[in-house]
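# Survey of secondary and tertiary structure
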Amino acid sequence: MTRIKRGYIARRRRTKIRLFASSFRGAHSRLTRTITQQKIRALVSSHRDRDKQKRNFRRLWITRINAVIRERGVSYSYSKLIHDLYKRQLVLNRKILAQIAISNRNCLYMISNEIRNEVGWKEYTGII
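Our subject in this report is the structure included herewith. (Residues numbered from 1 in each chain as written. Predicted model: local features only at pLDDT ≥ 70, side-chain atom pairs only at ≥ 80, totals over all residues. Heavy atoms only, no water.)

## Some words on the overall build of the chain
Applied cut-off: Helix numbers and strand numbers start at the N terminus; a helix is a DSSP run of H or I with at least 4 residues, a strand a run of E with at least 2. Only protein chains enter the area calculation, which uses a 1.4 Å probe; residues under 20% of their type maximum are buried, those over 50% are exposed, and those in between are partly exposed. Contact between two residues is taken to exist if any of their heavy atoms lie within 4.5 Å; hydrogens are not considered. All accessibility values rest on the Shrake-Rupley procedure with a 1.4 Å probe; residue burial counts only the protein chains present in the view. By the counting rule applied here, Lys and Arg register as positive and Asp and Glu as negative, while His and the ends of each chain are not counted. Positions of charges follow a simple convention, taking NZ of Lys, CZ of Arg, CG of Asp or CD of Glu.
When helices and strands are tallied, the chain shows 6 helices and 0 strands. Along the chain, helices (α) and strands (β) appear in the sequence α-α-α-α-α-α when read from the amino end. Its C-alpha atoms put the chain at 100 × 30 × 25 Å along the principal axes. Buried residues in the chain amount to 24% of all 128 residues. Within the chain, contacts between residues at least 6 apart in sequence are counted, and of these 46% link residues at least 24 apart. Looking at the chain as shown, the accessible area adds up to about 10300 Å², and 54% of this sits on carbon and sulfur atoms. The distance from the centre of the 32 positive side-chain charges to the centre of the 7 negative ones in the chain is 26 Å.

So this is what it looks like as structure tokens:
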């Protein structure tokens, strides 16, 4: 009986996996079984950390906005600013507000003052 030669499909699959793990250290870039395990682990970590990155940036933006808002008015805070933005139906997301807070604080002060004046300052001073 003649010998059956295997095709190149398995080799192609392995070389594709090896290219993914070429920057890994030690056996993680040399042994096929270890490479596949590390590839799965790397993809899981990257998916998890993309979600974590979105969370961290949102926290950073909120912190920046709150710090700039509280500089000017003691009784005014981030949560009240966002609430008033929604009342006025202004479409400014937190990323844009944080960029305004960093680059041009006076502009953010003007936005917050306009919102407070229109909504009514009595709500924040406690006068009914």
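## Concerning helix H4 (residues 94-103)
How we decide: This arc is taken over the directions from the axis of the helix to the C-beta atoms.
Along H4, the residues classified as buried are Arg94, Leu97, Ala98, Ile100 and Ala101. Across the axial projection of H4, the buried residues extend over an arc of 160°, all falling on one side. Every exposed residue of H4 that faces more than 90 degrees away from the buried side is listed here: Ile102 and Ser103.

## Observations regarding the environment of Arg105
What counts is decided by this rule: What qualifies as a polar contact is a pair of N or O atoms within 3.5 Å, subject to a donor-acceptor requirement within protein and to the restriction that residues adjacent in sequence count only when both atoms come from side chains.
Relative to the elements of secondary structure, Arg105 occurs in helix H5 (residues 105-119). Taking the relative accessible area as the measure of exposure, Arg105 reaches 38% and is therefore partly exposed. Along the sequence, Arg105 and Ile65 sit 40 residues apart, while their C-alpha atoms lie 9.8 Å from each other. Dropping the residues within four chain positions of it, Arg105 is found in contact with Val68, Glu71 and Ile100. Of the polar contacts made by the side chain of Arg105, one reaches the side chain of Glu71; its length is 2.9 Å.

## Quick notes on the pattern of salt bridges
Here the idea is simple: oppositely charged side chains can pair when their charged atoms come close. The test is simple: What makes a salt bridge here is a side-chain nitrogen of Lys or Arg within 4 Å of a carboxyl oxygen of Asp or Glu, nothing more.
Tallied over the entire structure, the rule returns 2 salt bridges. With a shortest N-O distance of 3.3 Å, Arg48 and Asp49 are connected by a salt bridge. Here Arg48 falls in the partly exposed class, since its relative accessible area comes to 42%. Asp49 gets classed as partly exposed once you look at its relative accessible area, which sits at 34%. Between Glu71 and Arg105 there is a salt bridge, with the nearest N and O atoms lying 2.9 Å from each other. A residue pair is termed long-range when its members are at least 10 positions apart, and Glu71 in helix H2 (residues 32-72) and Arg105 in helix H5 qualify at 34 residues.

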